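For reference, the chains in residue letters:
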Amino acid sequence: MLDLKLMQKNPEIVAKALHARNSKLDMGEFQALDARRRDLLAEVEALKAQRNKASAEVAALKRAGRDASELLKTMSAVSERIKELDAQAEEAKAAVESWVMSVPNIPDASVPVGRDENENVEVARWGTPREFSFPPKEHWEVGTKLGGFDFDRAGKLAGSRFVVSWGWAARFERAIANYFMDIHIAEHGLIEVQPPLMVNRRTMTGTGQLPKFEEDLFRLEAWDYFLIPTAEVPLTNLHAGEVIPEEMLPLNYAAMTPCFRSEAGSYGKDTKGLIRQHQFLKVEMVHFAHPERSFEALETMRAHAETLLQRLELPYRVVALCTGDMGFSACKTYDLEVWLPGQNKFREISSCSNCGDFQARRANIRFKPKGGGKPEFVHTLNGSGLAVGRTLVAIIENYQQEDGSIVVPKALRPYMGGIERVDAPARHL
RNA sequence: GGAGAGGUAGCGAAGCGGCCGUAACGCGCUCGACUCGAAAUCGAGUUACCGGUGAUGAGCCGGUACGUGGGUUCGAAUCCCACCCUCUCCGCCA
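What you see is a predicted model; the values in this text were computed from it and never measured. (Residues numbered from 1 in each chain as written. Chains lettered and ligands numbered in written order. Predicted model: local features only at pLDDT ≥ 70, side-chain atom pairs only at ≥ 80, totals over all residues. Heavy atoms only, no water.)

Chemist: Explanation requested: the sheet that holds strand E4 (residues 191-192) in the structure shown.
Modeler: The pairing of strands in a sheet happens through backbone hydrogen bonds and is either parallel or antiparallel. Strand order in the open sheet formed by eight strands is E1-E11-E12-E13-E16-E10-E9-E4, and the pairing between neighbours is mixed. Edge positions in the open sheet fall to strand E1 (121-126) and E4, since each of these has one partner strand only. Relative to strand E13 (residues 345-354), strand E12 (residues 332-340) runs antiparallel, the two being bridged by nine bridges. Residue pairing in the sheet places Leu336 in a bridge with Ser350 of E13. (Pairing = 2+ DSSP bridges. Helix = DSSP H or I, 4+ residues; strand = E, 2+ residues; numbered from the N terminus.)

Okay, here's the thing in structure tokens:
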């Protein structure tokens with residue numbers, strides 16, 4: 001959510017940002033809604049002032065033992081009118097609010113201006129893609145042949161965009177997740193969290209998934225709970241409504257959770273394999289920063305994510321998302337894209353964003369300055385470190401051998417019982 | 001699922017139709033006095049948000065907020081209804 005004052009006093013700044021993001025929202029619409037809200041408020045507040053004054057008079061008359069029935073009669077009518085106007089004012093306020101809630105964050109000045117993902121800017125590249133002496137296969141082919149993935153049975157159990165992984169594949173995923181978490185905790189100093197995987201509407205609104213993107217979420221109808229699409233949601237909302245002492249900043253969390261996404265609107269995209277699933281494991285980092293240090297923190301977070309790919313020796317590149325491709329809540333985002341030889345392209349494996357005070361304002365997350373003074377909004381950041389399923393995809397495609405086996409990256413061997421290679425099918429029907 | 005208790009400022013807690021919401025009282029926090037310094041003590045200050053007017057400041061004027069939403073009333077923290085959350089006991093359960 002943007003600052004209401006900013007939208008009122010500097011509509012041109014917001015209009016410019018909306019344009020850069022390809023938004024269809026029109027600031028004129030906001031100004032009309034806001035003007036109506038203020039007019040109604042002024043009117044009803046004047047009446048309420050009158051009522052308050054009269055109430056005091058009634059009390060005084062009664063105490064003096066005198067008759068107040070004349071005043072009561074006129075005030076009854078005023079109260080009636082207040083009730084009507086209050087309802088209208090409430091409606092006008094809700095209209096402004098829902099408009100404001102659908103406005104995306106303003107991109108930072110350093111973000112490249114562009115229409116879509118084709119105008120993202122590559123800012124770094126690491127590693128050299130391996131030379132293959134055979135045509136590299138896609139991960140689902142290698143993985144299924146080795147008996148690790150079963151898309152047919154997943155279809156039976158649930159439907160499309162699910163997978164059953166078993167044997168080495170299931171263990172691989174667990175190894176990757178544990179490896180990442182151990183590094184975050186021991187080396188990056190993050191605090192491990194196991195949050196609820198279902199959250200309420202308010203929580204989804206705090207981080208910006210609602211009200212605009214409900215169709216992307218799985219919702220439990222009987223409970224009005226939502227399955228989290230990323231641990232960013234519960235972690236960022238951990239401190240919703242709180243005032244954090246400045247000494248406590250920055251706060252640094254990491255969680256390894258399943259994530260659930262409806263993938264509505266992606267029909268026909270990535271229909272094969274693990275790339276786009278309804279359910280996937282992801283390690284997420286969330287950082288609460290002092291406003292002056294959030295952009296430094298974004299670089300640190302990006303480095304935390306990069307180190308994981310480097311240790312697994314997976315080639316990747318870093319792109320700065322352009323204004324048209326950035327997520328709703330972000331003011332600056334880096335994507336890490338890992339090299340997939342089977343698909344012969346880079347695919348997103350991490351997204352690290354600084355959300356500035358956008359989420360903090362929605363979720364009301366503030367800090368108390370050291371020297372005293374009013375609480376201010378913190379800045380929130382989130383980044384994948386990393387998407388576990390896609391990491392497995394990258395390992396399979398990069399480490400596949402001509403005979404169909406997969407070499408286990410050195411760093412992961414201690415987490416895989418010391419084995420150096422996956423070459424035998426999992427034992428199952 | 002059953003029974004009970006509770007939700008008021010940063011925390012604890014009083015109030016139970018108008019004299020109590022810049023909200024008693026206590027703690028905390030800020031400033032000051034005392035002190036070589038500290039503790040103790042004493043004194044003063046300390047809610048947020050919205051609208052109007054200022055300069056997106058200060059100040060002033062008005063409004064709102066006692067878990068949330070409704071209702072009764074000229075007037076609700078206080079009375080009525082529904083819901084949410086927390087705690088205790090019982091039942092069930094990994």
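Chemist: Help me understand the pairing of strand E16 (residues 379-387) in this model?
Modeler: Each regular strand displays side chains that alternate between the two surfaces of the sheet. The buried fraction of E16 is high, at nine of nine residues. Strand direction decides the pairing type here: strand E10 (residues 279-289) and E16, joined by seven bridges, are antiparallel. Its bridge partner lying in E16, Glu284 is registered against Ser384. The pairing of E13 with E16 spans three bridges and is classified as antiparallel. By the bridge assignment, Cys352 is partnered in E16 with Gly383. (Buried < 20%, exposed > 50% of the residue type's maximum accessible area, 1.4 Å probe, protein only.)

Chemist: Can you help me understand the protein's contact with RNA strand B in this one?
Modeler: The environment of RNA strand B is made up of 22 residues, and the closest members are Asn10, Arg37, Glu45, Asn52 and Ser79. The side chain of Arg37 places a nitrogen or oxygen atom 2.8 Å from a phosphate oxygen of RNA strand B. Taking Arg38, its side chain carries an N or O atom lying 3.2 Å from a phosphate oxygen of RNA strand B. When contributions to the surface near RNA strand B are tallied by element, the ones reaching two or more residues are helix H1 (4-9), helix H3 (27-63) and helix H4 (69-101). If you tally residues by element for the surface near RNA strand B, the top one is H3, at 13 residues. Looking at the surface near RNA strand B, its residues break down into six nonpolar, six polar and 10 charged. (Near = heavy atom within 4 Å. Polar contact = N/O pair within 3.5 Å; in protein donor to acceptor, adjacent residues only side chain to side chain. Nonpolar A, V, L, I, M, F, W, Y, C, P; charged D, E, K, R; others polar.)

Chemist: Sorry if this is basic, but what is going on with the pattern of salt bridges here?
Modeler: Scanning all chains against the criterion turns up 20 salt bridges. In this structure, Arg38 and Asp34 form a salt bridge, with 3.2 Å as the shortest nitrogen-oxygen distance. You can see Arg38 and its partner Asp34 sitting in helix H3, four residues apart, about one turn around the helix. Residue class for Asp34 comes out buried when judged on its relative accessible area of 2%. Between Asp150 and Arg153 there is a salt bridge whose closest N-O contact spans 2.8 Å. (Salt bridge = Lys/Arg side-chain N within 4 Å of Asp/Glu carboxyl O.)

Chemist: I'm lost on the domain arrangement of chain A in this one. Help?
Modeler: The domains assigned to chain A are domain 1 (4-101) and domain 2 (117-422). Counting residues at the interface gives four residues for domain 1 and nine residues for domain 2. Area buried by domain 1 at its contact with domain 2 is led by Ala20, Arg21 and Met101, which between them contribute 87% of it. Counting every contact that joins domain 1 to domain 2 gives zero salt bridges. Summed over the shared surface of domain 1 and domain 2, the result is five residue pairs in polar contact (both at pLDDT 80 or more). (Domains from an automatic or database assignment. Contact = heavy atoms within 4.5 Å. Buried area = accessible area lost by both parts, 1.4 Å probe.)

Chemist: Explanation requested: the packing of aromatic side chains in the structure shown.
Modeler: How two aromatic rings sit relative to each other is set out by the distance from centre to centre and by the angle between their planes. What the rule picks out here adds up to 12 aromatic pairs. On the numbers, 5.8 Å between centres and 20 degrees between planes, the contact of Trp126 with Tyr316 is stacked. Taken together, the positions of Trp126 in strand E1 and Tyr316 in strand E11 (residues 316-320) put the pair 190 residues apart, joining distant regions of the chain. Owing to a relative accessible area of 1%, Tyr316 belongs among the buried residues under this scheme. Within the aromatic cluster, the residues linked to one another by ring pairs are Phe149, Phe151, Trp168 and Phe172. (Phe/Tyr/Trp six-rings, centres within 6.5 Å; stacked < 30°, edge-to-face > 60°.)

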